[in-house]
Amino acid sequence: AQSVAQPEDQVNVAEGNPLTVKCTYSVSGNPYLFWYVQYPNRGLQFLLKYITGDNLVKGSYGFEAEFNKSQTSFHLKKPSALVSDSALYFCAVRVDTGRRALTFGSGTRLQVQP
Amino acid sequence: DGGITQSPKYLFRKEGQNVTLSCEQNLNHDAMYWYRQDPGQGLRLIYYSQIVNDFQKGDIAEGYSVSREKKESFPLTVTSAQKNPTAFYLCASMDSDNQPQHFGDGTRLSIL
């Protein structure tokens, strides 16, 4: 079975400061890892993915994430937060075999204060 | 513009009633998915279909049914057997293994 943990329900950061949203995963096999963002009453928007290759992945809106196989982590980062980054963030994982459906973490609400 | 269209945006169900949520995609994707979102629980997989005329149960399929008669359409029926249907329902599609899933804007279902 595969699982994802997002240990923080909420992260608060001041505008202009760096932000980190944590994610750890558990799978049997090679992981495909994703970050999505959700604004109120909307669907999920794709931010970035790790399939293979470089451990540092760059995505949309200045976000990046680092794949760490030994720590089974895929933390989302941004060097300088914007108030408009305030939203709900989901980490998701699937393996390269089987049903190809995503397993999601419980989500982390990011609040960026002006 | 290509994308996924879910309708209606808001839906109300009476006791004992079946309701159907629509999901249409014009991305030419083979695979489609239905998720349920509850506060603090992330998204949970209800049903998925990797090809037309074929679908499989996800983790919380009880009380739900689907069909996949056309590549672009994957409707979800919430039956009266689903005792706690109040949730936000999201439909997604995917092209291939290396690509992300694309999501619709969801349907919010409530009990009258």
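Refer to the structure printed above.
In this text the structure is predicted, and so the values were computed from the model without any measurement.

Criteria and thresholds
Residues numbered from 1 in each chain as written. Chains lettered and ligands numbered in written order. Predicted model: local features only at pLDDT ≥ 70, side-chain atom pairs only at ≥ 80, totals over all residues. Heavy atoms only, no water. Helix = DSSP H or I, 4+ residues; strand = E, 2+ residues; numbered from the N terminus. Rg over C-alpha atoms; globule rule 2.2 N^0.38 Å. Core = buried A, V, L, I, M, F, W, Y, C linked by side-chain atoms within 4.5 Å. Buried < 20%, exposed > 50% of the residue type's maximum accessible area, 1.4 Å probe, protein only. Disulfide = S-S within 2.5 Å. Contact = heavy atoms within 4.5 Å. Buried area = accessible area lost by both parts, 1.4 Å probe. Salt bridge = Lys/Arg side-chain N within 4 Å of Asp/Glu carboxyl O. Polar contact = N/O pair within 3.5 Å; in protein donor to acceptor, adjacent residues only side chain to side chain. Nonpolar A, V, L, I, M, F, W, Y, C, P; charged D, E, K, R; others polar.

(A) Layout of the overall build of chain A. On a plain count of helices and strands, chain A comes out with 0 helices and 12 strands. Reading the helices (α) and strands (β) of chain A from amino to carboxyl end gives β-β-β-β-β-β-β-β-β-β-β-β. A compact globule built from 114 residues should have a C-alpha radius of gyration of about 13 Å, and chain A, at 14 Å, falls within 12% of that. In terms of its C-alpha atoms, chain A occupies a principal-axis envelope of roughly 45 × 30 × 20 Å.

(B) Expanded view of the nonpolar core. Core analysis: the largest hydrophobic core is formed by 28 residues, its most contacted members being Trp35, Leu47, Leu48, Phe74, Leu76 and Tyr89 of chain A. It is strand β10 (residues 87–95) of chain A that contributes the most residues to this core, 5 residues altogether. Of all hydrophobic cores here, the second largest spans 22 residues; its members include Phe34 and Phe104 of chain A together with Ala92 and Met94 of chain B.

(C) Up close: the state of the cysteines. Evaluation of the coordinates by the stated rule reveals 2 disulfides over all chains. Across the disulfide, Cys23 of chain A is cross-linked to Cys91 of chain A (sulfur-sulfur distance 2.0 Å). An S-S torsion of about -60° defines the bridge between Cys23 of chain A and Cys91 of chain A as left-handed. Of this pair, Cys23 of chain A sits in the loop between β3 (19–21) and β4 (24–26) while Cys91 of chain A sits in strand β10, and the two are 68 residues apart along the sequence. Cys23 of chain A gets classed as buried once you look at its relative accessible area, which sits at 0%. On the accessibility criterion, Cys91 of chain A (0% relative accessible area) is buried. A sulfur-sulfur distance of 1.9 Å marks the disulfide that ties Cys23 of chain B to Cys91 of chain B. An S-S torsion of about -75° defines the bridge between Cys23 of chain B and Cys91 of chain B as left-handed. Linking Cys23 of chain B in strand β3 (residues 19–25) with Cys91 of chain B in strand β9 (residues 87–94), this pair joins segments that are 68 residues apart in sequence. Comparing Cys23 of chain B with Cys91 of chain B shows no difference in burial state: the two are buried.

(D) Spotlight on the interface of chain B and chain A. The interface is formed by 29 residues belonging to chain B together with 23 residues belonging to chain A. When the two sides are added together, the surface that chain B and chain A hide from each other amounts to roughly 2000 Å², 45% of it contributed by carbon and sulfur. Taken together, the connections running from chain B to chain A amount to 1 salt bridge. A salt bridge links Arg42 of chain A to Asp105 of chain B, with the nearest nitrogen and oxygen atoms 3.2 Å apart. Counting the contacts that link chain B with chain A gives 8 residue pairs in polar contact (both at pLDDT 80 or more). At the level of elements, β4 (31–37), β5 (43–51) and β9 of chain B are the ones that each hand at least two residues to the side of chain B that touches chain A. When the residues that make up the side of chain B that touches chain A are grouped by side-chain class, the tally is 12 nonpolar, 11 polar and 6 charged.

(E) Broad picture of the environment of Asn18 of chain B. Residues and elements named next belong to chain B. You can see Asn18 is positioned in the loop between β2 (10–13) and β3. In sequence terms Asn18 and Gly63 are 45 residues apart; their C-alpha atoms lie 9.8 Å from each other. Once you skip the residues sitting within four places of it in the chain, Asn18 turns out to touch Thr77, Val78, Thr79 and Ser80. A polar contact of 3.0 Å, which involves the side chain of Asn18, links it to the backbone nitrogen of Ser80.

(F) Representation of the pattern of salt bridges. Enumeration according to the criterion identifies 6 salt bridges over all chains in this entry. The residue Asp85 of chain A makes a salt bridge to Lys78 of chain A at a minimum N-O spacing of 2.8 Å. The class for Asp85 of chain A is buried, based on a relative accessible area of 5%. Within this structure, Arg36, Asp38 and Arg44 of chain B form a network of salt bridges that share partners.

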